[in-house]
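Examination of the molecular architecture
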Number of protein chains: 2
Amino acid sequence: MGPATRYLDITEPFLLYRGEKLPGLRLAWECWGKLDQKKSNAILIFTGLSPGAHAASSERDPEPGWWEEMIGPGKPIDTDRFFVLCVNSLGSCMGTTGPASINPETGKPWRLSFPELAIEDLARATRLVVEHLEIEKLHAVIGPSMGGLTAMAWLKLFPMSAERVALISTACSATPFAIAIRSLQREAIVTDRNFKNGQYTEDDWPEVGMRLARKLGMITYRSAKEWSQRFGRRRQDYFPATLFGMRFEVESYLETHARKFVGQFDPCCYLYLSRAMDLFDACDSDESLKALFARSFTGHALVLGVETDILFPLQQQQDLARALESTGSEVSYHALPSVQGHDAFLVDFERFGPPIAEWLE
Amino acid sequence: MGPATRYLDITEPFLLYRGEKLPGLRLAWECWGKLDQKKSNAILIFTGLSPGAHAASSERDPEPGWWEEMIGPGKPIDTDRFFVLCVNSLGSCMGTTGPASINPETGKPWRLSFPELAIEDLARATRLVVEHLEIEKLHAVIGPSMGGLTAMAWLKLFPMSAERVALISTACSATPFAIAIRSLQREAIVTDRNFKNGQYTEDDWPEVGMRLARKLGMITYRSAKEWSQRFGRRRQDYFPATLFGMRFEVESYLETHARKFVGQFDPCCYLYLSRAMDLFDACDSDESLKALFARSFTGHALVLGVETDILFPLQQQQDLARALESTGSEVSYHALPSVQGHDAFLVDFERFGPPIAEWLE
């Protein structure tokens, strides 16, 4: 949360996709650019699992955002033309209600008493901000990674509410490989001696589990090819080398990332969002992907994938593009040769920028 | 260890590759078939990280071995023709001396006081059994996975001592991706609350860390493609389903494997062998791979790799085959389309059997 964060407080109960309810919620969001008179130039960006609403810097908050090179005046998502909106996901811990928030009924953090979350809930909570801004139809919805799942949940729940949709390094549901990875990340967290069934404290943080989860995340977010080029078998001399500690550069790289992440993200929020990603299936109502797109979208779709992505492999973006095409939608599909794997959309702007700019032209 | 295990006890000090020494050692081994009069029909099999010397059943031990379908009368490694030898690796815990053994000088298990191991030490310890049997030249050396590293260490240390060599799903050194995976496995073990810097007890076993390490192992031993076909998104009903516990079949599959492994392998042995794999580099003496093969081998080499292997990717077997070919050796190279990833050599006998049988003909 920073100086540009805005908040929307909902005091009515919020019914969740799986039947439980929240007594109310707070949504943290940011926006860039100006909404035009007809409110027809709004672009909604859904985030991946860990980023918050601060997708880009602004006058009010000069701190670079998680998609800084993508959003701004003259950038691929051009804030001179568009009103860009990003909401911290329900269940996260960057201003929006989630397991780390205080349950108003008990005065204590929700932690594991938070009801089970579905990706559909993230879409519905975000909808409240869009309605608050009285935007009826979005110019575009953009979703990378988990954000792509949320974008699909959005289409499912609010058909024909976006003129364009961009599904980036995402899928209609997770592969068993991705489920296995996330299952291990969660196991590392819940078995941490400090996790204490969700009753961890600031002084005894489940740091070991969060570090393991983050490192395993990094292994699947990047690619073996990138690391062979970037680190090879070079030794590290940044941390003291111990027998089973760090010897190689790839190990100190993971360590540095893990240390940075530990304090930034709440373990319970991580668990809830991670599990929601496993459970999401755009076709869980037994509606085929084609039928879902046919009833929910007629505009211009952009589907981007990366050859080296092991978490959301290219085949999954091909499937999305094919299903969209089969409904008669205009589809721009790009299989990008980035070496950075799943994370490429966060770093390889040279490859991701142009197709996004072109699609919005 | 079973009724067919034989032991060789060495009472002299054993000098290790990195300069330390063991006061002596015990080697557990098994053999099948008959050594011919000239002792010219011996095949030495090096194992992967976790299997012991029991590679196949025999009259003395009818329990199926880890390569049961590969070794036996009329099988690809035909014990009617060959004398087959398999030694439990130095550093392991299935009869051979390792960190789980008693240090004779203290009367207590070595655990973390065991000296650092190199793959070269595994080759040199195995050599003691070969010398004990008075075999001067091996008909063949076969090494899958870690066993392939040991086979290369063997060539490095004992040039021209094998007429044939088979390098299976292996490499001349580990990729940074493989190092990262093993680094995480080790971190999961050493951060387990019961690990206690190696002072774990039977009653408080570092089970959580071993389970995580094994599950992460399984993720990299098999392939995403196999799991998509085998499990898809099917739910499991074998274990009680909890919010962050097991919901999907792929999760209960990993759980079953992890439970089986926990009691079977010593955590410290795992750490030492795992690190030795990272550190091994066939070219660490600044000798190129080509130069190494040129001075150590002139026979018929077999190199097998699997398209879906992410731990020892196909490129690494291609590199081995190319280096061997460049020395003028006869090389049979097969890139197998098995879906089972790195573990395919343990399960896909339909694909692995014929090239091995052919190479030995």
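One numbering rule holds for all chains: residues counted from 1, following each sequence as written. As they are written, the chains are lettered A onward and the ligands numbered 1 onward, keeping that order. Side-chain atom pairs in this predicted model are given and counted only at pLDDT of 80 or more, local residue features only at pLDDT of at least 70, and totals for whole chains, interfaces and linings cover all residues.

**Observations regarding the packing of helix α3 (residues 176–190) of chain B against helix α4 (residues 207–221) of chain B**
Residues and elements named next belong to chain B.
- Structural elements are reduced to axes, namely lines fitted to C-alpha atoms, with helices fitted over the stretch in contact, and the angle between N-to-C directions of any two is expressed from 0 to 180 degrees. Helix and strand assignments come from DSSP, with helices taken as H or I runs of at least 4 residues and strands as E runs of at least 2, each series counted from the N terminus. For the pair α3 and α4, the least separation of the axes is 7 Å and the interaxial angle reads 165 degrees. Taken together, α3 and α4 sit at an angle that is classed as roughly antiparallel. As α3 runs across α4, the sense of the crossing is right-handed. Across the interface between the two elements, I181, L184, Q185, A188 and I189 from α3 touch G209, M210, L212, A213, L216, G217 and T220 from α4.
- Side-chain classes follow a simple rule in which Ala, Val, Leu, Ile, Met, Phe, Trp, Tyr, Cys and Pro form the nonpolar group, Asp, Glu, Lys and Arg form the charged group, and the remainder, Gly included, forms the polar group. Grouping the constituent residues of the contact of α3 with α4 by class yields eight nonpolar, four polar and no charged. Relative orientations are named as follows: roughly parallel for angles under 35 degrees, roughly antiparallel for angles over 145 degrees, roughly perpendicular for angles from 65 to 115 degrees, and oblique for any other angle. Definitions for this section: a left-handed crossing has its near helix turned counterclockwise from the far helix by less than a right angle. A right-handed crossing has that turn clockwise. Any two residues are considered in contact once their C-beta atoms, placed from the backbone, lie within 7 Å.

**A look at the interface of chain A and chain B**
- Opposite the 39 residues of chain A that make contact, chain B presents 39 residues.
- For the side of chain A that touches chain B, the elements supplying multiple residues, two or more each, are α3 (176–190), α4 (207–221), α5 (224–230), α6 (249–262) and α7 (267–279) of chain A.
- Tallying contributions element by element places α3(A) first for the side of chain A that touches chain B, with eleven residues.
- Looking at the side of chain A that touches chain B residue by residue, the classes come out as 23 nonpolar, six polar and ten charged.

**Comments concerning the confidence of the model for chain A**
- Across chain A, the average pLDDT comes to 97, with 100% of residues at 70 or higher.
- Two numbers describe this predicted complex: its pTM, 0.97, and its ipTM, 0.96. Residue-level confidence of the predictor is what pLDDT reports, using numbers from 0 through 100.

**Here's the deal with the relation of the copies chain A and chain B**
- Relative to chain B, chain A is turned by 180 degrees and slid 0.0 Å along the rotation axis, the superposed coordinates differing by an RMSD of 0.0 Å. In short, the pair behaves as if placed about a two-fold rotation axis. Of the C-alpha atoms belonging to chain A, the one lying closest to the rotation axis is found on R193(A), 3.3 Å away.
- A shared binding surface is used by both copies, with 100% of the interface residues of chain A retained as interface residues in chain B. In superposing the copies, a least-squares fit is computed on C-alpha atoms, taking residues whose pLDDT is at least 70 in both.

**Remarks on the domain arrangement of chain A**
Residues and elements named next belong to chain A.
- Domain boundaries assigned for chain A yield domain 1 (6–174 + 281–360) and domain 2 (178–273).
- Contacts between domain 1 and domain 2 engage 23 residues on the former and 17 residues on the latter.
- When the residues that make up the side of domain 1 that touches domain 2 are grouped by side-chain class, the tally is twelve nonpolar, nine polar and two charged. Each domain's limits were defined by an automated method or a database of domain assignments.

**Some words on helix α8 (residues 289–296) of chain B**
Residues and elements named next belong to chain B.
- Put simply, a residue is buried when 20 or more other C-beta atoms lie within 10 Å of its own C-beta and exposed when 12 or fewer do; between those, it is partly exposed, and each C-beta is set from the backbone. L289, L292, F293 and S296 are the residues of α8 that are buried. Each buried residue of α8 lies within a common arc of 90 degrees when the element is viewed along its axis, so the set occupies one face.
- Of the surrounding elements, those touching the buried residues of α8 are α2 (146–157) and α9 (314–326). Comment: arc refers to directions from the helix axis out to C-beta atoms.

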